Structure formats: C-alpha cells, structure tokens
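# Observations on the three-dimensional arrangement
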Amino acid sequence: MAESPVWEPPPTPSAPAPPPQWVLPDQPPIAASPLLPERPPINWGRLAEQLFAARTLAWAGGVATALGIVLLFVMAASRGWVTAPMRVGTGVLVSLVLLGVAIELDRRRWRADAILAAAGVGIAGLYASLWAAASIYHFVSAAPASTLAAVIAACAVAVAIRLRQESLAVFGIAGAMLAPVLVSREVTAGGVLYASLMLAATMPLFVRFEWRRLVSVAWLVGLGEAAALVIASRDHTGFGGPVLAIAVVSALFVCLLFLVELTPPVRERVSSLGWLIASSAFTLSLADVFLYAASRHTAGHSLAGLVLVGLMAAWALCAAVPQVVRRPHADLTDIMAAFSLTLAATATGLLAGGSALVCTWAAQSAMLVAAAERIGSRSRVRQQRITISAGVYLALATAAALMIVSPTDAHLPTFGDGSSRGSIALGAITVAGIVYCFATRWLDSGWRLAAWLLPAVALAYLPLWALSAEWAVVVSAGLAAALFGFRRSRWLMSWLPELVAAGIGWALWLSAAAVSLGSSAPIERLTAPEWSGVGDRHGLIGLAALTAAAALGTWSLRLPRRAGAEHLLAVPVASLAYGIAEALRPPHAMWAWLGLSITLAAVVHLPAIRRRLCIEPLLAAAGVMLVVGLTASWAHDHSLVALADHGTSRGWPSIAIAALAAAGLATAMLAPLHRSYALWLPYALSVQLSTMLLPGQYPLVAMAALAILAGMTTIGWPSVLRTRLVRAVIAEMAAIGAIAVTVLVLLAYETPRMLFVSSHAPATGLAAAVAASAALFVAAAAARLRARQAAWSIGRVQIATGLVYVAAGTALWTLAAAILGGEQLVAQPLRASVHDHFQQGHVAVSISWVLVGLALVIVSLRGDRRGLRIGGIALLFVALAKLFLYDLAFLTALARAVSFIATGSVLLMAALLLQRFAPQVKAALSDDPTDPPT
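All figures in this text were calculated on a predicted structure; none of them were measured in a lab. (Residues numbered from 1 in each chain as written. Predicted model: local features only at pLDDT ≥ 70, side-chain atom pairs only at ≥ 80, totals over all residues. Heavy atoms only, no water.)

## Comments concerning the overall build of the protein chain
- When helices and strands are counted, the protein chain shows 36 helices and six strands.
- In the protein chain, which comprises 934 residues, the proportion classed as buried is 43%.
- Considering only residue pairs separated by 6 or more positions, the protein chain has 70% of its internal contacts joining residues 24 or more positions apart.
- Summed over its atoms, the accessible surface of the protein chain is roughly 47,800 Å², and 69% of this surface lies on carbon and sulfur atoms. (Helix = DSSP H or I, 4+ residues; strand = E, 2+ residues; numbered from the N terminus. Buried < 20%, exposed > 50% of the residue type's maximum accessible area, 1.4 Å probe, protein only. Contact = heavy atoms within 4.5 Å. Areas by Shrake-Rupley, 256 points an atom, 1.4 Å probe, with all protein chains shown as cover.)

Here's what the structure looks like:
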C-alpha cells in the first residue's frame, strides 16, 4: 500500500519561503509532457519570390501588352491619327511579330513563359483585328471572316503544337468557334456549321496529344451555340439549315463521346465529361427531331414519331459500336441503349394512342425484364440498370393507362360503364406489373410490397371498370379468395412473399367491401328510420362472396401462424352479420344474429375447431354478435319499457333467445371464474324476460326466485358444478340478487308511506316482499358457507351476519305490511271504517313486533344464542320507540290506549323473563361470558 503524503516544513526565514507542497515519498517523478514542435516562421521572402516568379511576370506582361494594343487603337481612332485600314493592318502586323518572336525564341530553345505569353497575345491580336475588320469597319463579310478565323485557329494550333501548350490551342479553337457569332452578332446555321468544323478539328489533336481541356471547351462552346440556334429557330419548323446544323453537331458529339471514352486503355466507368457529352448529344438530337417535325403528320401518323423511330435505331447502332470496334465499354453501351429505349417510348407515344400505347409500353417493360434476366448471370450491375429501364417503361404505361381509366363522368360514370380499351390497358398493366415484381425479387420485403401495389391496384380496379357493382364485388372477392388459397398452396412462388400475398388479398377484399357498402348493399339503407332498409336483400351474392373470401383469408393466415392473426375471424363474422341484415327482416335478423352468437359459443366446446380458431376470437365474435342482436332487439321492440311497465310482452322471443345466447357464451368460457361472472348476463336477461311476461309484483318474485336458486345451488353445490363454477361467485350472485329485490320492493311496493297513509294498499307487494325475505335468508346461509372458505366482510361486519339482520328486518317489515294490508282488506266493503281499521292495524303491528322480540329472547335463552338475544332485545326497544314516536302521535285515543296496553303487557312479560335470566341478558349485551344460573 502506498504511504500517506508527508508535509514538508517551510524553509528558514533567511530564504524566501516557497509555497508548501505535498510530497509523495517513494514515488517516481512525473515525466514532463513532450512539447509540440513549434511552427516554423513564415518566410516572407520566399513567398514573394514564388509570387513574383517569371511565369507571373510573363502573363502579366502579355495582358498588359494586349491592353496596350487595344488602348492604342482606341486612342488613335478617337484622335484620327491613323485610318481604319492602318489600324487593322497595325494590329495584324504587331500580332504576327509577336507570333514570330515566340516561334523564333522557341526555335532557339528558350523555354521561358514569355514565349507562351507572346504567342497568346499574338493570337488574341489577330482575332481582335479580324473582329474589327468585320464588325466595326466591315472590310470583310461573314463568310470570309469565318475563313480567316479558321486560318487564325490553324495558326494557333500550329503554334500550340510547336510550343506543346494546350492553352494556346484552346484559345485558338474557342476564338474561331465564336468568331461567326461575334461578327454577325447572331447565331446562324452557317455559324454553327462553322463551329462544328472547329469542333471536328479538336478530335485529331485529342488523339495525338490527349488535350482534354481543348475537347471540353470546344464541346461547351458548340453546345451553347447549338442550343441558342434551337431556341432562335423554334418557330421555323421543317427541314432547313438549323436542322442540318443541329444534326451535324449531335453527330460530332457522338464521335467525340466515342473518342473520349474508347481511347483510354481502361474503360470501366463513363467519365464526367463523357456523361456531359452523351446527355447533350441526346438532348440535341431529340430537339432536332421536334424542330424538324413538330406536330406535323404524314399518312395519318406523327412525323416526329416516325423520325424518332429512325433516331432510335441510330442510337441502338451506336450502342453496338464499342463491341464492333473491339473496345467493349459496358457503361457506355448501357447509356446509349437507354437513350434508344427512351426514344422508342417517345416514338410509341406519338405513333400509338389509347390502350395500344399502354400495351406497347407494358410489353417493352416485360421484354426489358427478360433481357435483364438473361444478362443477370454476367453482370449484376447491368441487370439492375435494365430493370430500372423496365420500371420507367412501366411507369409510362401506368401514366397512359390512368389517362384512359380515370374515374370521371366521361370515362366511368357508374360501375361497369368502362370501355373495352380500359380493360385491355388495365390487363396489360397487371401482367407487366407482375413481371416487373419478378424482376425486382432481389429487393427487401418492404420494397417488394411497394412494387406489388401497382398490379394489385390495377387488378382491383379492373372489375370496377368492366362490371356492375355487385358483380365487381363478386369478382374482387373471388380474386382475393384465389390469392388466399394460392398462398397456402405448394405452388407459392418464392418471389411472392406470403405476407405480400396476404396483404394484396386483403386489399382486394377491402376494395370489394367498400364497393359493397357504398353501392351494391349501401349501408345508408340499413340506418333508415323504422328499420325500413333491413331485409331489402341488396347485394346478397356479393356479401356471400365477401364472407367466403374472408373466411378463406382467415384460414390462410393460420399457417405460418402469426401473432394476432386469429382475430381476423371478426372479418367473416362481420360480413355474415351484414349479409343477415340484408337478407332478413326484423325480428328474424335479430334472431339470426343471436343464433350466430350461440353457434360461435358452441364451437368453443369442439376441441378440434377450438385449436384452429383459438378461443379468444370465438368468444369475442360471439360476444359482439350477442351485443348487436340484443341492442337491435331493444331498439326495434322497445322491450326495455317492460322494466317500468310490467307485462309489456312485445319482443319477448328476442330476449328469450338473447338469454339463451348469453348462457351459451358463459358456458363457452373455459375458466371457471370467468364463466361464473359471465352468468350475470343471462341472469339479467332472465329478469328482463320476467318483467315482460309477468304483471305487477311477480317479476320481483321471479327475480327473488333466481336469487334463491343461486343460493340453494351454493348451499347444495352439486358435484357437476364443482369444477365448472366458482362457489364464491354464485354466493355473491345470490346476495346481490336478494338485496336488489329487497330494495325494489321497498322502493316500489312496501314503501315507508304505508305507515302514514291509510288509503295505501300495503298488501299489493306482499308476495314480492315474502320472496325477498326468503331470498335474503337463503343468501345469508350461502354467505355463511362462503365465509368458511375465505373471509367475506365489509370492515368488521361479516356479510353473512349483515344479511341475516337485513333478512330479519325485511321479514318484520313484511309482517307489518301483511297486518296493515289485512286490515285494509277487511275495511274495503265499508269505506267509512277504513281509517278505524288502519288504526287497529298499527296496534297489531306494535304488538306483533313486541311478541316477536319476546319470542327471540326466549329462544335465545334456551339455546344460549347470543345473536338472537341481541336481536330480540333490540326489537323490543324498537317497538317501544314506535309506541312513543308514532302511536302516541298518530293513532286515535282508543287505538293509542289499546296499543299501549297490549305493548306494555308484552313488555312486562318480557321484563319478568329478563329479570329471571339476568346473567344471560348481561352476557347478550356484553362480550364477557358468564356462567349459567344454578
């Protein structure tokens, strides 16, 4: 381990004290980082020597001399010192002297930059003198001036060859090519022909000296003059000088292209200059054709199209030149072949029209694909290039087809009104698109899917173009089904991925579905008021075809299995449901939907089908169909009105079938917990059915009976249900159902109003109240059994105990209703005694509550049942409270007296019993256990 740092004390005061430092003992000193080498200082003298070298001075002197000659001429002309011939002659003389000096110095082998500068100034002086003689003084016309310019260019080239300086040749040739334009101040056909001669003169110089800059400048000047001539002659069509001049320049460009690209020993790629020359040659040749033919016709055919056929053949021959001269150049050949194909496409477009044009371009695309396949084994790059060319032809064919089959009032006013020309065009696009997809099989899956979109769209649009709406749906669905089946067959092609096939098939199906919903079986009719559109039987054949195709498509996606593919089962189910809506009138359509739900739920119980279709989509489809059928039944029959107006039975068969479907859906759930909770739906529908079939309070009786059934099932719990349902859930169903019935009874029938209004008939809901009480007691027993398996409570109160108390309270309330109702029934014949009997009924209620409380206390004392004792004592106090709070305030004097006497007597008896069994009573009112009396 390294030692800790040691503090060094500062030195004595005699020397200046350095700042204290931390020293690490036994540690090697840290090596100093190497310094970067210093940048040497700028040598300004050497830089000045390079800047003011002999070459710089020579060119500066040449430029100054040339400017001096120009200024001399300007000054002499302005002051009249020399005449015009003298000015021109002086310029020529000085220029020639400079050229002679340059040649002589070169002959003496003086290799100085002043020689090149002098030669350049001499050539420039000759051109300037010629321009002055022709343009300013008009001593010579345009033709002799061009000849003299050629002579000057020849001199410049000769001097350049002598001095081995390319720049002189560039200057001389460029000046000669621009001379006619500068002299005549316009671009003419003769000037362009003259420039083409200068352009031709550069070729041997390139072969001999490989002066590439000379060729580049000559090409650029020639292109500029030719383009200017095309623009200037655009309004003068027909054969003439401009057409001839442009043709000559184009031909020279082609020759120059061969010279530039085939001369080098290595010929792998086309150079930048070669690309420029090739594109300019093609552009000029195409412009020359339209300059000659424009929109003229001969024998009913486009003259430009006929000329383009010949030009196409010329470019095709040019593409073969590298092989003929045994200088193969694949890229150059491909470029010229592409030009030829482009001209072929253009010529076809001008000569043919309509579907013939589409078929021709589609056929050319297919032939290029075949050529690419043949050449693919030798050159992958060339195969891709040819494939791209095929794609261009296919794009042109597609654009032409769109002009024919665009859905307008003129082309396609309604389904099936398309012409045969459009059908042929769409068929050609489909076939060519499939062939092109074969050619692009080397692309990634995403790009292949994009390539397949074109034939898929064309194939989907063809039935819409040629057939009526319903038969278009049938054919499109049939195509989709065929593609789904082909996808699962052993003939599936490797270049058609199964996912792509599935995507195209579903796209065809969706297009057919859109046509069906919009035209053959319009969805607007199904939403018409009063259900008038349901069952109109529109487009049934198409809907049947869609259902079959969707079922086949769902089956086709199972192998290879894909995540979530099984949920496509919803598509054929939805299509079938829509077909049912078109085929059947209400309520049969609702019954069919519910029957379909039952069928789908029943299929879950078949293991073979369940393994293939999976449980989740079957249950989802069955649930959706149940919801659709039930909602439609509620909307059509207004059967929910029966919840308030019992006995309104309109539409009860639909609800009965829905209850069966819900029960079937519940049984289809394989998990016992899910199945148990799913039973709530048939439970609720059974309650609604009872409200539709039973009048008055009897739907509540039926609802209580269902709760009792659930409770008895929980108590008995047969062995057949032990592995299929969850006992706790059924107990919850019994408890909730019993409580719901009780609440409804208290809200609708045995309301608290019966204690205060004598005209109320409390016995009208007596059957429902008795059923609710029974249901609560059974639910309490079921809850007690459930509590043995797992605690079931709300806070510290056990659900079973709470249900017992609620059931007891409901029973007492039912007893009160029975007593008051009985008194009302006795008083019905004598309307005057209704009030008296109501008073007597309340006396009987008070007495009955006290007696019941006393009975509970007695029973609890015999068996030491603490809960019963607490309930009995509490009921006694409730009766006592009723005596003072209600009877004393609302009953008559006689009824009040009878009530107090009877109730008091019972309370006295209860007091005697409580005094006799005081220890048990204390135990009932406290949590401390006591010993029984001796």
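## Overview of empty space enclosed by the protein
- Counted by the stated rule, this structure contains one cavity of 30 Å³ or more.
- What lines the largest cavity is simply Met-177, Val-192, Ala-195, Ser-196, Leu-199, Gly-222, Glu-225 and Val-249.
- Listing elements by their share of the lining of the largest cavity, those giving two or more residues are α7 (189–209) and α8 (212–232).
- Looking at the lining of the largest cavity, the element that brings in the most residues is α7, giving four residues.
- Among the residues making up the lining of the largest cavity, the classes are represented as five nonpolar, two polar and one charged. (1 Å grid on protein atoms, 1.4 Å probe; cavity = no way out; pocket = protein on both sides within 12 Å on 5 of 7 lines; lining within 4 Å. Points joined across faces, edges and corners; volume = space filled by probe spheres on them. Nonpolar A, V, L, I, M, F, W, Y, C, P; charged D, E, K, R; others polar.)

## A few points about the packing of helix α17 (residues 469–487) against helix α18 (residues 498–520)
- α18 packs onto α17 with a crossing angle of 165° between their chain directions and a minimal axis gap of 8 Å. In terms of axis orientation, α17 runs roughly antiparallel to α18. Remark: the crossing between α17 and α18 carries left-handed chirality.
- A breakdown of the residues in the contact of α17 with α18 according to their chemical character gives 15 nonpolar, five polar and three charged. (Axes fitted to C-alpha atoms, helices over the stretch in contact; angles between N-to-C directions. Parallel < 35°, antiparallel > 145°, perpendicular 65-115°, else oblique. Left-handed = near helix turned anticlockwise from the far one by under 90°.)

## With respect to the environment of Gly-711
- Take Gly-711: it is sitting in helix α28 (residues 698–716).
- Each C-alpha atom of the pair Gly-711 and Ala-735 lies 7.8 Å from the other, and the pair is 24 residues apart in sequence.
- Leave out the neighbours within four places in its chain, and Gly-711 touches Ala-734, Val-778 and Ala-782.

## Observations concerning helix α25 (residues 652–668)
- With 17 residues, α25 ought to run about 24 Å at 1.5 Å a step, and its terminal C-alpha atoms sit 24 Å apart, in line with that.
- Three or more residues of α25 are buried, namely Ser-654, Ile-655, Ala-658, Ala-659, Ala-661, Ala-662, Gly-664, Leu-665, Ala-666 and Ala-668.
- Tucked inside the fold, the buried residues of α25 contact α22 (588–603), α24 (615–637), α26 (672–678) and α27 (680–693). (Expected span 1.5 Å × (residues − 1).)

## Things to note about the packing of aromatic side chains
- Taken as a whole, this structure holds seven aromatic pairs when the rule is applied.
- Ring plane angle 65° and centroid distance 6.2 Å describe the contact between Phe-282 and Trp-315, whose orientation is recorded as edge-to-face. Residue Phe-282 is found in helix α10 (residues 272–293), and its partner Trp-315 is found in helix α11 (residues 303–324); the two are separated by 33 residues along the sequence.
- Seen in terms of ring centroids, Tyr-461 and Trp-465 are 6.3 Å apart; in terms of plane orientation they differ by 45°. Their pairing is tilted. Linking Tyr-461 with Trp-465, this pair stays in helix α16 (residues 445–466), spanning four residues, or about one helical turn. Each member of the pair, Tyr-461 together with Trp-465, is buried.
- By way of ring pairs, the aromatic residues Phe-282, Trp-315 and Phe-339 are connected into one cluster. (Phe/Tyr/Trp six-rings, centres within 6.5 Å; stacked < 30°, edge-to-face > 60°.)

## Remarks on the environment of Ser-773
- Its location among the elements puts Ser-773 in helix α31 (residues 766–789).
- Judged by its relative accessible area of 8%, Ser-773 is buried.
- In this view, Ser-773 contacts Ala-807, Thr-810, Ala-811 and Thr-814; residues no more than four positions away in its chain are not counted.

## A few points about a nonpolar patch on the surface
- Together, Phe-290, Leu-306, Val-309, Leu-350 and Leu-351 make up an exposed nonpolar region whose accessible area comes to about 350 Å².
- Elements represented by at least two residues in the nonpolar patch include exactly α11 and α12 (330–351).
- For Phe-290, the location among the structural elements is in helix α10.
- For Phe-290, a relative accessible area of 33% corresponds to the partly exposed category. (Patch = residues over 30% accessible without salt bridge, like charges linked within 9 Å, V, L, I, M, F, W, Y side chains within 5 Å. Salt bridge = Lys/Arg side-chain N within 4 Å of Asp/Glu carboxyl O.)

## Some remarks on unusual backbone geometry
- The omega angle of the peptide bond from Pro-586 to Pro-587 is 0°, so this bond is cis rather than trans.
- You can see Pro-587 is positioned in the loop between α21 (570–583) and α22.
- The phi angle at Arg-326 is positive, at roughly 60°, despite the residue not being glycine.
- For Arg-326, the location among the structural elements is in the loop between α11 and α12.
- Taking the relative accessible area as the measure of exposure, Arg-326 reaches 75% and is therefore exposed.
- A positive phi is found at Trp-717, a non-glycine position, where the angle reads about 45°.
- With respect to the element layout, Trp-717 can be found in the loop between α28 and α29 (719–722).

## Topic: the nonpolar core
- Counting 100 residues, the largest nonpolar core has Val-358, Trp-509, Leu-546, Trp-593 and Leu-600 as the members making the most contacts within it.
- At ten residues, the largest contribution of residues to this core is made by α18.
- Counting 55 residues, the second-largest nonpolar core is a separate cluster that includes Met-177, Val-192, Ile-246 and Leu-343. (Core = buried A, V, L, I, M, F, W, Y, C linked by side-chain atoms within 4.5 Å.)

## Details of the layout of surface pockets
- By volume, the largest pocket is sized at about 560 Å³.
- Every residue lining the largest pocket is counted, 25 residues in all, and those nearest its centre are Asp-334, Ala-337, Ala-338, Leu-341 and Ser-389.
- Elements supplying a minimum of two residues to the lining of the largest pocket: α11, α12, α13 (354–375) and α14 (380–405).
- Per element, the largest residue contribution to the lining of the largest pocket is twelve residues, and it comes from α12.
- For the lining of the largest pocket, the residue count by class is 16 nonpolar, five polar and four charged.

## Remarks on the pattern of salt bridges
- The final tally for this structure, using the stated rule, is two salt bridges.
- When the shortest N-O distance is used, the salt bridge between Arg-525 and Asp-536 registers 2.7 Å. Of this pair, Arg-525 sits in helix α19 (residues 523–526) while Asp-536 sits in the loop between α19 and α20 (540–556), and the two are eleven residues apart along the sequence.
- Residue Asp-536 is classed as partly exposed on the basis of its relative accessible area of 23%.
- With a shortest N-O distance of 3.6 Å, Asp-536 and Arg-585 are connected by a salt bridge. Note that Asp-536 is positioned in the loop between α19 and α20 and Arg-585 in the loop between α21 and α22, a separation of 49 residues in sequence.
- What emerges from the salt-bridge pattern is a single network uniting Arg-525, Asp-536 and Arg-585.

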